[in-house]
Structure formats: C-alpha cells, structure tokens
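Breakdown of the fold
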Amino acid sequence: MIADRMKAMTVAWTPTSPNLVVAGDNLAVVKSLPSESFTLVYLDPPFNTGRVQRRQTTTAVRSGTATVAGFKGQLYERIKGDLRAYDDVFDDYWEFLEPRLIEAWRLLADDGTLYLHLDYRESHYAKVLLDALFGRESFLNEIIWAYDYGAKSKSRWPSKHDTILVYVKNPKTYHFDSTAVDREPYMAPGLVTAEKVARGKLPTDVWWHTIVPTNGREKTGYPTQKPEGILRRIIQASSREGDWVLDFFAGSGTTGAVAAALGRRFVLVDQNPEAIDVMRLRFADHQAPVDFTDAVTAPPAS
Ligand SMILES: C[S@@+](CC[C@H](N)C(=O)[O-])C[C@H]1O[C@@H](n2cnc3c(N)ncnc32)[C@H](O)[C@@H]1O
C-alpha cells in the first residue's frame, strides 16, 4: 500500500503545544497526531490532478483501533467500485484523498466538523463517497461559495463556484454556533423591519464572496489562496475560542491566519517549500507564537 511504503514520520505535538506549521507529506505527518484532538478540520486539496497512483484496495477502513463510524463496509466498497468503473481519473484522485479523509475522521473530536473544499468537477463523487464513509447522518451541509471573477464561457453557463462539503463526527454532539457568525446585509432590506436590517441576516448555505483581491491586504501571492472571509465563517461557526483547528493542505496558511485572529489554535501542514515560506512571512508578526518544523523520519520499529 502507498501508505505502507511511505516513511513513518513523527511530529512532537500535544494540545499544550504552540501553534504549529509542519513541512512534509500530510498523510505521514497527520498519522503521528493524537486522535480526537481537533474541533475543526478544513481541507482544500489540489483539484483532481489525475495523478496515477498505484492501485490500492481498501477492504476495511480502520484507523488504529477505531472503525470509522458510519462506514458501511461492503456498501462503501460497492459505491467506490461503481465510481471506479465510471471515472478512472476520479478514482486515482480518491485513492489519494481517501486515506487522508480517514485520518481527518480519526483526528476530529467527538464534537468536531470536517469542511472539505472541492471543485465542481469532483464534489458530486466526493459527496457520495463521504456519505458512505462518514455516514449519511453525519452530512451537515453542502456550501456553495459563489464568486464572479475571470473569463466566462460563451458555450455554457460560466462555472463560478466552489463546493464545500460539511460532515460532522457525531451528529448528536457536534458544535455549531450560528450566533457567533458575522451576519450579512439583507438582499431586499425594504421587505424587513429596520431592526432586522440593523442586525443583518444569518448567512445561508450559499455564500457570495469575492476571491482574494489582487492588491488587497490579505494577498500573499500564493496561487490557490482562499479568502479569509470564507474561513472566518467556518471557524466562527464550528469552533470555540481555544479550540484546535487543523488544515493539512495549508497552502498560504489562510486557516491559521483566521484561526489565530479568532483566538483558536492551529496545526498546518504543507509539502511545498514555497507554501512554508509564505506562511513564515504571514505569521512573522503574529502575537500568538507559531513553531515551524520539518516532519522527522521516525527510527525503524524494533
Ligand atoms: C489548494 S492549495 C491550499 C490553499 C489554501 N487553502 C490557502 O488558502 O492558501 C493545496 C495545497 O496542498 C498542498 N499539498 C498537496 N498535496 C499535499 C500532500 N500530499 N501533503 C502536504 N501538502 C500537500 C499543496 O502544496 C498546496 O499548497
């Protein structure tokens, strides 16, 4: 298996550590983090690259001693098999993503939530598979982030949205605080009371938000950087002050920047040295301390 061929790595982290940025392959890194430590996991993996991985057959989805709750065994394998027959490229992508999502599930606290940020070309497959992996009852939302930027196709409706799938670890105990979320202006303020206009409305599952402005304060120059406003809503709703937030496709570190601004703590992982350089700059004048480390290859098991 790919995971078995990979070098084991260790990261010295406990919930009493400072914020942490780790350089290295995320699967190897997150395997060394303790279970149930994070209230929120946000993942923004690169769009399906079609990278061909060596075939791996998952016959049981287990992580340590815990079985993934909601994992339906044969049902999941059957759905995966159908999708495999249908779309080779997605299949290769899922082989990459699946072990990482299983780790995300293991790392979520009982009240924790996963936000998986995807491109419209893959989100429908991922939703079917996540329903089977986390359990249909753990599905919370499909958020549409709509923006209006860049070239527009003339031969079909121009695609101007991303999809963020939201799954909770435990549908009975998950944390979600809508009162902590910044409210937004009413679209038709004339139709509601002045009091409501002043308070603003709770965002729905469709979020209109600009991309990162090219010359704005938050622009880091990292090509796939996501806007802080999107992460702000996610972190406000699905974590509390002092909670730990994990992003192991960290890129420019947007999740960490917003988490720190909101009084949360964070662990970020990225394998790209340019991402690590961008994060060093981004966190240089942060008040909360941030440690940077390379994943260390563990000594062979005796
Ligand atoms: C779409 S970008 C994330 C952008 C980020 N949300 C932001 O706001 O800047 C995906 C990131 O995943 C990283 N990545 C891809 N595969 C990885 C792996 N196996 N381990 C660690 N990082 C990986 C890439 O280097 C890239 O920075």
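It should be noted that the structure appears before, not after, this text.
Okay, so let's go over this structure. Note that this is a predicted model, so its numbers are computed, not measured. Residue numbers here run from 1 along each chain, matching the order of that chain's written sequence. The predicted origin of the model limits local features to residues at a pLDDT of at least 70 and limits the giving and counting of side-chain atom pairs to 80 or more, whereas totals for whole chains, interfaces and linings rest on all residues.

**Focus: helix α9 (residues 273-282)**
Three classes are used. A residue is buried when 20 or more other C-beta atoms lie within 10 Å of its own, exposed when 12 or fewer do, and partly exposed in between, with C-beta atoms placed from the backbone. Labels follow the DSSP assignment, with helices taken as runs of H or I lasting at least four residues and strands as runs of E lasting at least two, numbered in each case from the N terminus. Among the residues of α9, A275, I276, V278, M279 and R282 are the ones counted as buried. Here the buried residues of α9 occupy an arc of 160 degrees about the axis, which is enough to place them on one side. Facing away from the buried side of α9 by over 90 degrees, the exposed positions are P273 and L281. In this structure, the buried side of α9 is in contact with β2 (19-23), α8 (254-261), β11 (265-270) and β12 (290-294). Working definition: the arc comes from the directions between the helix axis and the C-beta atoms, pointing outward to the latter. Placing C-beta atoms from the backbone, we regard two residues as in contact once those atoms come within 7 Å.

**Digging into the packing of helix α7 (residues 228-238) against α8**
Axis separation between α7 and α8 bottoms out at 9 Å; the angle between their running directions is 55 degrees. Classified by the interaxial angle, the pair formed by α7 and α8 is oblique. Viewed along their axes, α7 and α8 form a crossing whose handedness is right-handed. Contacts between α7 and α8 involve E228, L231, R232 and I235 from the first element and T254, T255, A257, V258 and A259 from the second. Of the residues contributing to the contact of α7 with α8, the split by class is five nonpolar, two polar and two charged. Orientation is described by lines fitted to C-alpha atoms, with helices fitted over the stretch in contact, and by angles between N-to-C directions that extend from 0 to 180 degrees. Roughly parallel means an angle under 35 degrees; roughly antiparallel, over 145; roughly perpendicular, 65 to 115; everything else is oblique. By convention the crossing between two helices is left-handed if the near helix lies anticlockwise of the far one by an angle smaller than a right angle, and right-handed if it lies clockwise. When residues are grouped by polarity, Ala, Val, Leu, Ile, Met, Phe, Trp, Tyr, Cys and Pro land in nonpolar, Asp, Glu, Lys and Arg in charged, and all others, Gly among them, in polar.

**Side note on the site of the ligand**
Around the ligand sit 18 residues in total, of which F249, G251, S252, T254 and N272 are the nearest. Its residues placed into classes, the shell around the ligand shows six nonpolar, eight polar and four charged. For each residue, a C-beta atom is positioned from the backbone; the residue is called near a molecule or strand if that atom sits within 6 Å of it.

**Describing the pairing of strand β10 (residues 244-247)**
Neither face of β10 is open: one carries W244 and L246, the other V245 and D247, and all of them are buried. Any two strands with at least two DSSP bridges between them are considered paired. In the sheet, strand β3 (residues 38-43) pairs with β10 via two bridges, with the strands oriented parallel. Counted as the bridge partner of V41 is L246 from β10. Bridge count between β10 and β11: four bridges; the pairing is parallel. Residue pairing across strands places D247 opposite L268, the latter belonging to β11. Crossover handedness is defined by viewing with both strands directed away from the observer: a clockwise path from the first strand over the helix to the second marks the crossover as right-handed. Handedness of the crossover joining β10 and β11 through α8: right-handed.

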